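Structural overview for review
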Amino acid sequence: MDPIEIRESMPALESGVYCNWGAGGPSPRRVVEAAESALEHHEYEAPTADGMYPAAFDVYDEARTAVADLLNAAPSEIALTQSTTDGINRVAGAFDWDEDDVVVRTDLEHSAGILPWQRLEREHGVEVRVLETADGRLDLEAVKAAAEDATLFCVSSLTWTHGTRLPIRAVVDIAHDAGALVLVDAVQSPGQVPVDVHKWGADFVVAAGHKWLLGPFGAGFLFVRDGVERDLVPAAIGYRSVADENASDYRYAAGAQRFEVGTASPAPYAGLTDAIDVLEDIGIETIQRRIETLTDRLKDGVPDERLLSPREYESGLVTIADDDPEGAVERLADRGIVVRPLPAPDAVRASIHAFNSEGDVDTLLEAL
């Protein structure tokens, strides 16, 4: 399957130049149809057939398997969530925090990787260390210093501010040597680069399907390394969290499933499963090569003093300095071009996927 073939099945791309995949990725028709079909089956046929709950659980199982294959994990290591933020909060809520605990995060994190730790700081007295960076890069000696005596280290695989790819395995090794667990916000990775969570060695990896994976909103996922969950007690519990919801003394389900809670629509997860099938039919390596070609084309037209992302390819996220990011985004929107402003640095960010065209890139450059 070819990316351009998929592009032609994306109605959102018919009416403008879309370069904002790092915020949300429009779905192909077949993904929306898969979600609609699952919902129709659940509401029209399942009630008098196998039942609505078994129908939903079949979709959940298929989604866990698809996500596990995508991440090179086992289905038992995958919990289904609503979003990246939801996944981070489920991890944050599972520790017994007090004022002796330390959370380390970088200054490159999205609000999803900032607010849960601020809350712990406010409500439990947890120390939150913010690791300062330069140009979207980590200094590993600084990582080592920050990780000392830490409980949890939170880091992104690809930075949403610069599009830089961080050395996750090295960070994980340093944090583990210091006795800390590691949570990776990977939402910018699946769908544009290959991801192998076991090569990273992280304890938790959170992401969602509505960006580069082309899935619908509402289908997130959480990887929990086998065995890590045994010492954790999630803040919320429900029938999907436990081995037997009718037992007089509940016991958590094995693996990551203890982080799931209760009833959720099967539709977003059916869409996510189909979206993953679409990208795997194309091939993640093929997608990555095309993103590299397109982002090289974009960067070739941006002067050094304005390009805040690496000139060499690292991801589809390209950050371009601008004195008035909000104004620039509005001006581009008036010309039918969708990018986003960043709160810091002062810049606009273009997110280029394999489903963009050379013409999209040229139109963006001309407007910039």
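Definitions and cut-offs
- Residues numbered from 1 in each chain as written.
- Predicted model: local features only at pLDDT ≥ 70, side-chain atom pairs only at ≥ 80, totals over all residues.
- Heavy atoms only, no water.
- Helix = DSSP H or I, 4+ residues; strand = E, 2+ residues; numbered from the N terminus.
- Rg over C-alpha atoms; globule rule 2.2 N^0.38 Å.
- Buried < 20%, exposed > 50% of the residue type's maximum accessible area, 1.4 Å probe, protein only.
- Contact = heavy atoms within 4.5 Å.
- Areas by Shrake-Rupley, 256 points an atom, 1.4 Å probe, with all protein chains shown as cover.
- Lys, Arg positive; Asp, Glu negative; His and termini not counted.
- Charge placed at Lys NZ, Arg CZ, Asp CG, Glu CD.
- Phe/Tyr/Trp six-rings, centres within 6.5 Å; stacked < 30°, edge-to-face > 60°.
- Lys NZ or Arg CZ within 6 Å of the ring centre and 35° of its normal.
- Core = buried A, V, L, I, M, F, W, Y, C linked by side-chain atoms within 4.5 Å.
- Pairing = 2+ DSSP bridges.
- Axes fitted to C-alpha atoms, helices over the stretch in contact; angles between N-to-C directions.
- Salt bridge = Lys/Arg side-chain N within 4 Å of Asp/Glu carboxyl O.

Here the focus is the overall build of the chain. A count of helical and extended segments in the chain gives twelve helices and twelve strands. Taken over the C-alpha trace, the chain has a radius of gyration of 21 Å; the compact-globule value for 368 residues is 21 Å, and the two agree within 12%. By residue count, 57% of the 368 residues in the chain fall in the buried class. Expressed as a percentage of contacts within the chain between residues at least 6 apart in sequence, the contacts between residues at least 24 apart total 69%. When the accessible surface of the chain is split by element, carbon and sulfur atoms take 46% of a total near 15,700 Å². Each charge class in the chain was averaged separately, 30 positive and 67 negative side chains, and the resulting centres sit 3 Å apart.

The next thing to look at is the packing of aromatic side chains. What the rule picks out here adds up to nine aromatic pairs. Taking 6.2 Å as the distance between ring centres and 75° as the angle between the ring planes, the aromatic pair formed by Tyr53 and Tyr239 counts as edge-to-face. In this pair, Tyr53 is assigned in helix α3 (residues 52-71) and Tyr239 in the loop between β8 (220-224) and α9 (267-282), connecting sequence segments 186 residues apart. Overall, the relative accessible area of 52% leaves Tyr53 in the exposed class. Residue classification places Tyr239 among the partly exposed positions, given a relative accessible area of 26%. With a centroid separation of 6.4 Å and an interplanar angle of 65°, the aromatic rings of Phe95 and Phe204 are classed as edge-to-face. Within this pair, whereas Phe95 is found in the loop between α4 (84-92) and β3 (102-106), its partner Phe204 is found in strand β7 (residues 204-208), the two being separated by 109 residues in sequence. On the accessibility criterion, Phe95 (16% relative accessible area) is buried. Taken together, Tyr53, Phe57, Tyr60, Tyr239 and Tyr269 form an aromatic cluster joined through their ring pairs. Above the plane of the ring of Tyr60 lies Arg240, whose end atom (NZ or CZ) is 4.1 Å from the centre.

Our focus in this paragraph is the nonpolar core. Leu71, Ile78, Phe153, Val155, Val184 and Phe355 are the most contacted members of the largest nonpolar core, which has 70 residues in total. Considering each element in turn, this core owes the most residues, nine residues, to α3. Those residues in contact with Leu71 that sit more than four places away from it in its chain are Ile78, Pro190, Val195, Asp196, Val197 and Phe221. By size, the runner-up hydrophobic cluster in this structure holds 24 residues, among which are Phe95, Ala112, Val228 and Ala256.

Let us now look at the sheet that holds strand β12 (residues 347-351). Read from one edge to the other, the open sheet built from three strands follows the order β9-β12-β11, with strand pairing classed as antiparallel. Every interior strand has two partners, whereas the edge strands, β9 (317-321) and β11 (340-342), have only one. Averaged over all pairs of adjacent strands, the angle between their axes in this sheet comes to 35°, without regard to strand direction. Sheet topology places β9 next to β12; five bridges connect them, and they run antiparallel. Its bridge partner lying in β12, Thr319 is registered against Arg349.

Quick look at the sheet that holds β7 now. Strand pairing in a sheet is mediated by backbone hydrogen bonds. Such pairs are either parallel or antiparallel. Taken together, the seven strands give an open sheet; going across it, the order is β2-β8-β7-β6-β5-β3-β4, and neighbouring strands pair in mixed fashion. Pairing within the sheet leaves two strands with one partner each, and these edge strands are β2 (78-81) and β4 (127-131). Here the strands of the sheet are splayed against their neighbours by 20° on average, with no regard to which way each runs. Note: β3 against strand β5 (residues 152-156), three bridges, orientation parallel. Residue pairing in the sheet places Val104 in a bridge with Phe153 of β5. Contacts from α4 reach β2, β6 (181-185), β7 and β8, with the element oriented near 155° to β7. Packed on one face of the sheet, helix α6 (residues 140-147) meets β3, β4 and β5 and runs near 175° to β4.

Let us now look at the pattern of salt bridges. Under the counting rule described, the total for this entry stands at 16 salt bridges. We note a salt bridge from Arg137 to Glu314, for which the minimum N-O separation is 2.3 Å. One end of the pair, Arg137, is in the loop between β4 and α6; the other, Glu314, is in the loop between α10 (284-300) and β9, with 177 residues separating them in the sequence. Its relative accessible area of 35% is what places Arg137 among the partly exposed residues. Judged by its relative accessible area of 14%, Glu314 falls in the buried class. With its nearest N and O atoms 2.5 Å apart, the salt bridge here joins Arg225 to Asp203.

Okay, unusual backbone geometry next. Backbone torsion omega between Ala344 and Pro345 reads -5°, so that peptide bond is classified as cis. For Pro345, the location among the structural elements is in the loop between β11 and β12. In this model, Asp135 sits at a positive phi of 55°, which is unusual for a non-glycine residue. Structurally, the position occupied by Asp135 is in the loop between β4 and α6. A positive phi angle, close to 65°, is found at Asp149, a residue other than glycine. With respect to the secondary-structure elements, Asp149 resides in the loop between α6 and β5.

Attention shifts here to the side chain of Asn20. Looking at the element boundaries, Asn20 is found in the loop between β1 (17-18) and α2 (29-45). With a relative accessible area of 10%, Asn20 lands in the buried category. With residues near it in sequence (within four places) discarded, Asn20 still touches Val338, Val339, Arg340, Arg349 and Ser351.

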